[in-house]
Amino acid sequence: MDIIIREMNKFDSLKCKELTVQLGYPDQLVDFDKRFSLINKLPHHHLVVAETVSDKNVVGWMHLEIRYLLVSSFKVEISAIVVDEKLRGHGIGKKLLNYAENWTKNCGFKDIFLYTNIIRENSHSFYLKFGYQNSKDSKMFIKILDKTISQNDLKVILENKPDLKVDNIKIQ
C-alpha cells in the first residue's frame, strides 16, 4: 500500500476524529477542531497524517511533541498515533514510526518515547518489534478542577511567545 506522510490540515479533521474513536476516545472529540487550531500553531508540536496515494484517504495520524524536561534530557513524545483498524498490519504504523524517528533526529534529539494504555497488548508487541523498550509501568492520576481555561488565560500562558497568534482561537 503506497502511503505518504504529510502535515495535518483542517480538512483532515473529520477523518482524524473517526480514527480517534477507534482508539476509544469518542468523548474527547467535542473540541477536537479547536485543539487542532491551537496545537497546529505551537512550534514544539507536529501533527501529521498517513494518506493513501491512490485515493487520498487518511488512514492514520500522529501527534509529535518536543518535551522539555528538567528531570531528563529533552526528547520527542509521540503523544498520539493511530492507524485505521481495518488497515493495521499493512505497514502504515511502521511508516509513521519511521517518520517520527527521522523528525526527531532532524530536530536534533536522540530520544523518542510514547505511552500506551496497559490494555493495548497488540500495540505493546508492535512497539517492541520496532526496537522500543518498556522503561516503566505507571499510573495516571487526574483531578478535575472547577476552573476552565479562558481566552485570557491562554494569552497569559503564551505571553512569552510573541510569534504565536492566538486571537482567532476561541477557548470555551
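Residues numbered from 1 in each chain as written. Predicted model: local features only at pLDDT ≥ 70, side-chain atom pairs only at ≥ 80, totals over all residues. Heavy atoms only, no water.

(A) Layout of the sheet that holds strand S2 (residues 45-52). Here five strands make up an open sheet; going across it, the order is S1-S2-S3-S4-S5 and the pairing mixed. The sheet is open, and its two borders are formed by strand S1 (3-7) and strand S5 (112-114), each paired with just one other strand. Each adjacent strand pair in this sheet contributes to an overall mean axis angle of 30°, direction not counted. Relative to strand S3 (residues 58-67), S2 runs antiparallel, the two sharing seven bridges. Across the sheet, Val49 pairs through a bridge with Trp61, a residue of S3. On the sheet, helix H3 (residues 92-106) packs against S1, S2, S3, strand S4 (75-83) and S5 and is oriented at approximately 160° with respect to S4. (Pairing = 2+ DSSP bridges. Helix = DSSP H or I, 4+ residues; strand = E, 2+ residues; numbered from the N terminus. Axes fitted to C-alpha atoms, helices over the stretch in contact; angles between N-to-C directions. Contact = heavy atoms within 4.5 Å.)

(B) Spatial organisation of helix H1 (residues 13-22). For H1, the full list of buried residues reads Ser13, Cys16, Lys17, Leu19 and Thr20. Axial view of H1: buried residues confined to an arc of 165°, hence all on one face. Lining the buried residues of H1 we find helix H2 (32-39), S2, S3 and S4. Just past H1, the residue Gly24 takes up positive phi, approximately 100°. (Buried < 20%, exposed > 50% of the residue type's maximum accessible area, 1.4 Å probe, protein only. Arc of directions from axis to C-beta.)

(C) Geometry of unusual backbone geometry. Notably, Lys56 is not glycine yet its phi reads approximately 55°, a positive angle. With respect to the element layout, Lys56 can be found in the loop between S2 and S3.

(D) Expanded view of the pattern of salt bridges. A complete count under the given rule lists nine salt bridges for this structure. Between Asp33 and Lys17 there is a salt bridge; the shortest N-O distance is 3.3 Å. Of this pair, Asp33 sits in helix H2 while Lys17 sits in helix H1, and the two are 16 residues apart along the sequence. When its relative accessible area of 38% is taken as the criterion, Asp33 is described as partly exposed. (Salt bridge = Lys/Arg side-chain N within 4 Å of Asp/Glu carboxyl O.)

(E) Quick peek at the environment of Leu19. Position of Leu19 relative to the elements: it lies in helix H1. Take Leu19: its relative accessible area is 0%, and that puts it in the buried class. Taking the C-alpha atoms as reference, Leu19 lies 8.1 Å from Trp61; in sequence the two are 42 residues apart. Once you skip the residues sitting within four places of it in the chain, Leu19 turns out to touch Val58, Val59, Gly60, Trp61, Val82 and Asp84.

(F) Region of interest: a nonpolar patch on the surface. A cluster of nonpolar residues, Met140, Ile142 and Ile144, forms a patch on the protein surface that exposes about 430 Å² of accessible area. Inspection of the secondary structure puts Ile144 in the loop between helix H4 (121-129) and helix H5 (151-157). Under the relative-accessibility criterion, Ile144 is labelled exposed at 70%. (Patch = residues over 30% accessible without salt bridge, like charges linked within 9 Å, V, L, I, M, F, W, Y side chains within 5 Å. Areas by Shrake-Rupley, 256 points an atom, 1.4 Å probe, with all protein chains shown as cover.)

(G) Here's a closer look at the confidence of the model for the chain. Of all residues in the chain, 83% have pLDDT values of 70 or greater, and the mean over the chain is 85. Low pLDDT, under 50, characterises residues 168-172; the predicted model gives this stretch twelve contacts beyond four residues in sequence or across chains. (pLDDT = per-residue confidence, 0-100.)

(H) Highlighting the side chain of Thr104. Along the chain, Thr104 turns up in helix H3. Sequence-distant contacts of Thr104, defined by excluding residues within four places in its chain, comprise Val76, Phe109, Asp111 and Ile112.

(I) Region of the structure containing the pairing of S4. Counting buried positions along S4 yields eight of nine residues, so the element is predominantly enclosed. Strand direction decides the pairing type here: S3 and S4, joined by eight bridges, are antiparallel. Looking at the pairing, Glu65 lines up with Glu77 of S4. Where S4 lies against S5, three bridges are found, and the strand directions are parallel. Note on S5: the bridge partner recorded for Glu77 is Phe113. In this view, the connection linking S4 to its parallel neighbour S5 by way of H3 has right-handed handedness. (Right-handed = clockwise from strand over helix to strand, strands pointing away.)

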